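For reference, the chains in residue letters:
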Amino acid sequence: MAVQYKFQGWLGKTSDSVNGKMEWGEFEPKQWTEDDVDIEVSHCGICGSDLHVLRSGWGEVPYPCVVGHEILGTAVRVGANIKHVKVGDRVGVGAQARSCLKGDCEDCSNNLESYCTGFVGTYGGVYPNKEGKSYGGYADYNRTNGHFVFPIPDGLESSLAALMLCAGITVFSPLLRSGCGPGKTVGIVGVGGLGHFGILFAKALGADRVVGISRKAEKRCDVLKLGADQYIATEDDANWAEENQRTLNLIICTNSRKEMPLSDYLTLLKPEGQFVQVGLPDGGEMPAINALTLFESGISIGGSAIGSRSDITKMLQLAAEKRITPWVEERPLRDANNAIVDMFEGKARFRYVLVNENYGKH
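Everything numeric here is computed off the predicted structure, so don't read it as measured data.

Peer 1: Explain the domain arrangement of the protein here, please?
Peer 2: Quoted interface sizes are often the accessible area lost when the parts come together. Once the domains are mapped, the protein shows domain 1 (8–166 + 327–355) and domain 2 (168–303). A C-alpha centroid distance of 27 Å is found between domain 1 and domain 2. Across the contact, 15 residues belong to domain 1 and 21 residues belong to domain 2. Summed over both sides, the interface of domain 1 with domain 2 buries roughly 1500 Å², with 55% coming from carbon and sulfur. The tally of links between domain 1 and domain 2 comes to one salt bridge.

Encoded structure:
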């Protein structure tokens, strides 16, 4: 069936596109199957991952690439095999567009789809069986396997819900899986686009105490307004590590700087505390860790990448019930080049979302 719309978006054609040099143009979406959904994009969040990928910071990208994996809009074409979405529904797509989809996959069967070896990202990925490449949401339309297309609860505004599909789930999933709730003290390192969600969700999950940790004191008032009980500025607060030793059960770290003070972060954990890294530096490099730090307090260190379909559904339900409101600034899709430059320069407080002026807000 021939569609009556064109797939057009902001194309990154080289690593220099991250400097505000994306070009608007047509692209060829993945080959249509009856397992797919086409989405008319109304909103797409700007994620730090977009910048890493545009500059090939995590590996060579198969240019041209349309980034954006916090996609929200209206389903305009739904494959015959998709039963949870119908044409006209408000839907969203996060950072995953495909898993192996095999019935015998241990990861997918155990609610760990984001770690499946058949993972295909929402953009910059190549589908199996010669189905083509994945293109993201800085565009008029998106095509994604329906398994990873989510109905959006009525209680969530589109601009807010879009951001939750990557930034939100990236911190919600490790909070949920690490048992964040009453009786827990939680630290969120790096209070930006990801970290501010960490504070909002940790409070919503009922943590006894939530501590925001970032470099500069200038964020203190904003972080406390978000609901944090305490703020630590690692570059401006003298003796911050010594004064806060063994005060946290769990740390979620969104910092993606290679020179982060990792050893000092670890001293903040109580015995048998958990440190979960969600920020990914270019090249994946992190500071070295002295093994004695692990032995002295029995702490554990791990990582987390987005979340499963089940986690995303739980997050959206909680966000609607608790009326969680991230801090967002809307930018027009036509201004995407300026917006990514502003994002790189740290001007967002705390997240930008692109609004497609061609399609109405929901």
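What follows picks up the thread again.
Peer 1: Would you mind going over the sheet that holds strand 10 (residues 185–189) with me for this structure?
Peer 2: Strand pairing in a sheet relies on backbone hydrogen bonds, with the paired strands running either antiparallel or parallel. Sheet architecture is open: six strands sit in the order 12-11-10-13-14-15, paired in parallel fashion. Strand pairing shows two members of the sheet lacking a second neighbour, strand 12 (230–233) and strand 15 (300–303), which therefore form its edges. Each strand of the sheet is rotated relative to its neighbour by a mean of 20 degrees, with strand direction disregarded. Bridging between strand 14 (residues 269–277) and strand 15 involves four bridges; their strand directions are parallel. Paired with F275 across the two strands is I301, which belongs to strand 15. Along the sheet, helix 3 (residues 158–177) contacts strand 10, strand 13 (248–253) and strand 14; its crossing angle with strand 13, the most-contacted strand, is approximately 155 degrees.

Peer 1: Explain the packing of aromatic side chains here, please?
Peer 2: Here the distance between the centres and the angle between the planes together describe a pair of aromatic rings. Here the structure, examined in full by the defined rule, presents ten aromatic pairs. Between F197 and F201, the aromatic rings sit 5.9 Å apart at their centres with planes inclined by 15 degrees, giving stacked as the arrangement. Taken as a pair, F197 and F201 lie in helix 4 (residues 193–204) at a separation of four residues, close to a single helical turn. F201 matches F197 in its accessibility class, with the two residues each being buried. In textbook terms, an aromatic cluster arises when at least three aromatic residues are bridged by ring pairs, as seen for Y5, F7, F27, Y135 and Y141. One Lys or Arg, K30, reaches over the ring of Y127 and ends 5.1 Å from the middle of that ring. When the ring centre of W32 is taken as reference, the NZ or CZ atom of R77 above it lies at 3.7 Å.

Peer 1: Looking at this structure, how should I read helix 9 (residues 309–322)?
Peer 2: Residues that lie three or four places apart on an α-helix share one face, since the helix turns once every 3.6 residues. In a regular helix each residue adds 1.5 Å, so 14 residues correspond to 20 Å; helix 9 covers 20 Å between its end C-alpha atoms and thus fits that length. Along helix 9, the residues that are buried comprise D311, I312, M315, L316, L318 and A319. For helix 9, the angular spread of the buried residues around the axis is 165 degrees, confining them to a single face. Buried residues along helix 9 sit against strand 9 (149–151), helix 3 and helix 4.

Peer 1: Which parts of the structure should I look at to understand the layout of surface pockets?
Peer 2: Over the atoms rolls a probe the size of a water molecule, and in doing so it shows where empty space is left. When its volume is computed, the second largest pocket comes out at roughly 180 Å³. Every residue lining the second largest pocket is counted, 21 residues in all, and those nearest its centre are P174, R177, V276, G303 and S304. For the lining of the second largest pocket, the secondary-structure elements that each account for two or more residues are helix 3, strand 14 and strand 15. A per-element tally of the lining of the second largest pocket places strand 15 first, with four residues. Among the residues making up the lining of the second largest pocket, the classes are represented as eight nonpolar, eleven polar and two charged. Here the lining of the second largest pocket spans two domains, and each of domain 1 (8–166 + 327–355) and domain 2 (168–303) adds at least three residues to it.

Peer 1: Would you mind going over the packing of helix 3 against helix 9 with me for this structure?
Peer 2: When two helices pack together, their arrangement is given by the angle between their axes and by how far apart the axes lie. As a packed pair, helix 3 and helix 9 sit with axes 9 Å apart at the nearest point and diverge in direction by 100 degrees. Considered as vectors, helix 3 and helix 9 are oriented roughly perpendicular to each other. From helix 3, M164, L165, G168, I169, F172, S173, L176 and R177 reach across to helix 9, where they touch D311, I312, K314, M315, L316, L318 and A319. Class assignment for the residues of the contact of helix 3 with helix 9 results in ten nonpolar, two polar and three charged.

Peer 1: Help me understand the environment of F344, please; the structure alone is not making it clear to me.
Peer 2: With respect to the helices and strands, F344 occurs in helix 10 (residues 336–344). Given the relative accessible area of 57%, F344 is considered exposed. Between the alpha carbons of F344 and H52 there is a distance of 10.0 Å; along the sequence they are 292 residues apart. Residues in contact with F344, not counting those within four places in the same chain, are L51 and R55.

Peer 1: I would appreciate a short explanation of helix 10 in the present structure.
Peer 2: All of the buried residues in helix 10 are A336, N337, A339, I340, D342 and M343. On the buried face of helix 10, the contacting elements are strand 1 (8–11), helix 1 (48–54), strand 16 (328–332) and strand 17 (351–355). Where helix 10 terminates, the next one or two residues include G346, which has phi positive at roughly 75 degrees.

Parameters at a glance
Residues numbered from 1 in each chain as written. Predicted model: local features only at pLDDT ≥ 70, side-chain atom pairs only at ≥ 80, totals over all residues. Heavy atoms only, no water. Domains from an automatic or database assignment. Contact = heavy atoms within 4.5 Å. Buried area = accessible area lost by both parts, 1.4 Å probe. Salt bridge = Lys/Arg side-chain N within 4 Å of Asp/Glu carboxyl O. Pairing = 2+ DSSP bridges. Helix = DSSP H or I, 4+ residues; strand = E, 2+ residues; numbered from the N terminus. Axes fitted to C-alpha atoms, helices over the stretch in contact; angles between N-to-C directions. Phe/Tyr/Trp six-rings, centres within 6.5 Å; stacked < 30°, edge-to-face > 60°. Buried < 20%, exposed > 50% of the residue type's maximum accessible area, 1.4 Å probe, protein only. Lys NZ or Arg CZ within 6 Å of the ring centre and 35° of its normal. Expected span 1.5 Å × (residues − 1). Arc of directions from axis to C-beta. 1 Å grid on protein atoms, 1.4 Å probe; cavity = no way out; pocket = protein on both sides within 12 Å on 5 of 7 lines; lining within 4 Å. Points joined across faces, edges and corners; volume = space filled by probe spheres on them. Nonpolar A, V, L, I, M, F, W, Y, C, P; charged D, E, K, R; others polar. Parallel < 35°, antiparallel > 145°, perpendicular 65-115°, else oblique.

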